[in-house]
Amino acid sequence: MGRGSKATTVIGASIGAVAATAALFAALTAVLTIVFARRVVTPEPAKRGDERILGVDLARSTISLASSDETRMRGTYGFWFDKDAGHARLGDVLDDDGRVVRRRIDAVDFGRLDRATHGRMSGWVRIGPWELGRPYQDVIVPTALGPAPAWLVPADRSGGDGTSTGDDWVIQVHGRGAKRHEGLRGIEPIMDAGWTTLLISYRNDGEAPESVDRRYGLGGTEWADVEAAVRFATDHGARRIVLMGWSMGGSIALQAVLRSAEVRERLVGVILDSPAIDWVDILRFQGRALGMPTALGDVVAHVLGEPWSGGLTGLAAPVAVGELDPVARADEFDVPMLLMHSADDGFVPIDGSRRLAAARPDLIRFEEFAGARHTKLWNHDPQRWSRLVRDWLVELASATRPIETGSGA
């Protein structure tokens, strides 16, 4: 065999190796895309938590945790452990040497914290409205999928017995992987402003009825449950309604505003805490956090919107991620908004909130926090957060009139 033949053989082998490598890369990318897309829309079971517990001293009421962005946060937090079978309340940081964070233990509500090895920081410090010492009701919101449990905390406008719900309601919508407990932080400033609050559940959150596919719609399906909650509020005396959304709950609330004439009929405002605004940007951000290429987020967004993707993701219907962008439809909003987000949010980047605020500066009051991470703005600075919510609602109530109904109800 001559040199030419050998060279041709080597080149052919090299081309084959490159082709094989490219095919392998394409296959791995396809698998990663499917796994990521499925993860985005699938409610996750309870996990052990990412924060390592290095030591617990119940006698001194302290806990030592491996230092991380979450464990070193200032403020008061809930702490779930044993795959959410245990719950404690952690006070502020006592010391942090860069490797170990020691925090105060304010209480252990249930579970054996001294035997746990991992846990997760949570913005839910309280575990129920009964801890507030104010009247509340367990209620059921009828939805298209069935009865969804909710907490109703009425405004005290009757001289102290808490029996009057009043005209003004705030309907709270929790985020992805959370429950209505997330909104317990908002009850006190909302009530101080004279508003009733309704903390709802929605499809596939572990409390409300499940959809056929048991998948998140990223706001594109859950908005219908908010519409049902507005109907419930209206039937129980609400004349002015504010929607309050946390994280994905922000996306759900905004989709309800954009898609439902029934919601807009009584809507006078929107409050957003760490909202999911731009899902493509969020997918890119979370992909990078998992060590994946930035472009994979765009591919995942495309896959979620394709009719053929249901067999891969489990979705009963495609999720058109691009159509969930409220910035593109910002001119359709016509009520004031209070938008709060932390610059260091480690889950939902603040860029989407900044773009929405810039698109409608005439309607949106944008409050930027620092050091508060994701949906933990109240925990980081409860005075500022509570004051913003309370004062904004008071101002809103004075600037709007109750919406009358044809029947005079």
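Draft legend 1. Representation of the pattern of salt bridges in the model. Inspection of every chain in the model, using the stated rule, returns 31 salt bridges. Note that lysine 376 is salt-bridged to glutamate 70, the shortest N-O span being 3.3 Å. Taken together, the residues lysine 376 in the loop between strand S14 (364-369) and helix H10 (377-380) and glutamate 70 in the loop between strand S2 (62-66) and strand S3 (77-81) connect sequence positions 306 residues apart. With a relative accessible area of 16%, glutamate 70 lands in the buried category. Aspartate 225 is paired through a salt bridge with arginine 203; the nearest N and O atoms lie 2.9 Å apart.

Draft legend 2. Summary view of helix H11 (residues 382-399). Between its terminal C-alpha atoms H11 stretches 26 Å, which fits the 26 Å expected from 18 residues at 1.5 Å a residue. Trp385, Ser386, Leu388, Val389, Trp392, Leu393 and Leu396 are the residues of H11 that are buried. The arc that holds every buried residue of H11, seen down its axis, measures 155°, which confines them to one face. Residues Gln383, Glu395 and Ser398 are exposed on H11 and point more than 90 degrees away from its buried face.

Draft legend 3. Region of interest: the packing of aromatic side chains. Enumeration according to the criterion identifies five aromatic pairs in this entry. On the numbers, 6.3 Å between centres and 50° between planes, the contact of tryptophan 130 with tyrosine 136 is tilted. On the numbers, 6.1 Å between centres and 85° between planes, the contact of tryptophan 130 with tryptophan 151 is edge-to-face. Taken together, the positions of tryptophan 130 in the loop between strand S6 (118-122) and strand S7 (137-143) and tryptophan 151 in strand S8 (residues 146-153) put the pair 21 residues apart, joining distant regions of the chain. Under the relative-accessibility criterion, tryptophan 130 is labelled partly exposed at 46%. Three or more aromatic residues link up through ring pairs in this structure, and these residues are Trp80, Phe110 and Trp124. The residue whose ring lies beneath arginine 384 is phenylalanine 369, and the NZ or CZ to ring-centre distance is 3.8 Å.

Draft legend 4. Highlighting the packing of helix H6 (residues 279-289) against helix H7 (residues 295-304). Viewed as axis vectors pointing N to C, H6 and H7 meet at an angle of 130°, and their least axial separation amounts to 7 Å. Taken together, the axes of H6 and H7 are oblique relative to one another. As for the relative orientation of H6 and H7, their crossing is right-handed in sense. Contact residues: Val280, Leu283 and Arg284 in H6; Gly297, Asp298, Val300 and Ala301 in H7. When its residues are assigned to classes, the contact of H6 with H7 shows four nonpolar, one polar and two charged.

Draft legend 5. Main features of the pairing of strand S10 (residues 196-200). Among the five residues of S10, five are classified as buried, and the element is accordingly described as predominantly covered. By the bridge criterion, four bridges tie S8 to S10 in an arrangement that is antiparallel. Among the inter-strand pairings, tryptophan 151 is bridged to a residue of S10, identified as leucine 199. Judged from the four bridges that link them, strand S9 (residues 168-173) and S10 form a sheet pairing that is parallel. Within S10, the residue paired with tryptophan 169 across the bridge is threonine 196. Handedness of the β-α-β unit built from S9, helix H2 (residues 187-192) and S10 comes out right-handed.

Draft legend 6. Structural detail: the confidence of the model for the protein. Across the protein, pLDDT averages 90, with 89% of residues at or above 70. Predicted confidence for residues 158-163 stays below pLDDT 50, and this span has seven contacts to residues more than four positions away or in other chains.

Draft legend 7. Fine view of H7. For H7, the set of buried residues is Leu296, Gly297, Val300, Ala301, Val303 and Leu304. For H7, the angular spread of the buried residues around the axis is 160°, confining them to a single face.

Draft legend 8. Here's a closer look at the sheet that holds S10. What the eight strands build is an open sheet, ordered S7-S8-S10-S9-S11-S12-S13-S14; its pairing is mixed. Because the sheet does not close on itself, it has two edges, and the strands there are S7 and S14. Pairwise comparison of adjacent strand axes, ignoring direction, gives a mean angle of 20° for this sheet. Contacting S7, S9, S10 and strand S11 (240-246), helix H3 (residues 223-235) runs over the sheet at an angle of about 120° to S7. Sitting on the sheet, helix H4 (residues 248-259) is in contact with S9, S11, strand S12 (267-273) and strand S13 (337-342), with an inclination near 145° to S11.

Draft legend 9. Looking closely at the sheet that holds S6. Ordered by their spatial adjacency, six strands build a closed barrel running S1-S2-S5-S4-S3-S6, and the pairing between neighbours is antiparallel. Sheet twist, expressed as the average angle between the axes of neighbouring strands with direction ignored, equals 45°. Pairing of S2 with strand S5 (residues 100-110) involves five bridges; the strand directions are antiparallel. Bridging across to S5, serine 64 finds its partner in arginine 102.

Criteria and thresholds
- Residues numbered from 1 in each chain as written.
- Predicted model: local features only at pLDDT ≥ 70, side-chain atom pairs only at ≥ 80, totals over all residues.
- Heavy atoms only, no water.
- Salt bridge = Lys/Arg side-chain N within 4 Å of Asp/Glu carboxyl O.
- Helix = DSSP H or I, 4+ residues; strand = E, 2+ residues; numbered from the N terminus.
- Buried < 20%, exposed > 50% of the residue type's maximum accessible area, 1.4 Å probe, protein only.
- Expected span 1.5 Å × (residues − 1).
- Arc of directions from axis to C-beta.
- Phe/Tyr/Trp six-rings, centres within 6.5 Å; stacked < 30°, edge-to-face > 60°.
- Lys NZ or Arg CZ within 6 Å of the ring centre and 35° of its normal.
- Axes fitted to C-alpha atoms, helices over the stretch in contact; angles between N-to-C directions.
- Parallel < 35°, antiparallel > 145°, perpendicular 65-115°, else oblique.
- Left-handed = near helix turned anticlockwise from the far one by under 90°.
- Contact = heavy atoms within 4.5 Å.
- Nonpolar A, V, L, I, M, F, W, Y, C, P; charged D, E, K, R; others polar.
- Pairing = 2+ DSSP bridges.
- Right-handed = clockwise from strand over helix to strand, strands pointing away.
- pLDDT = per-residue confidence, 0-100.

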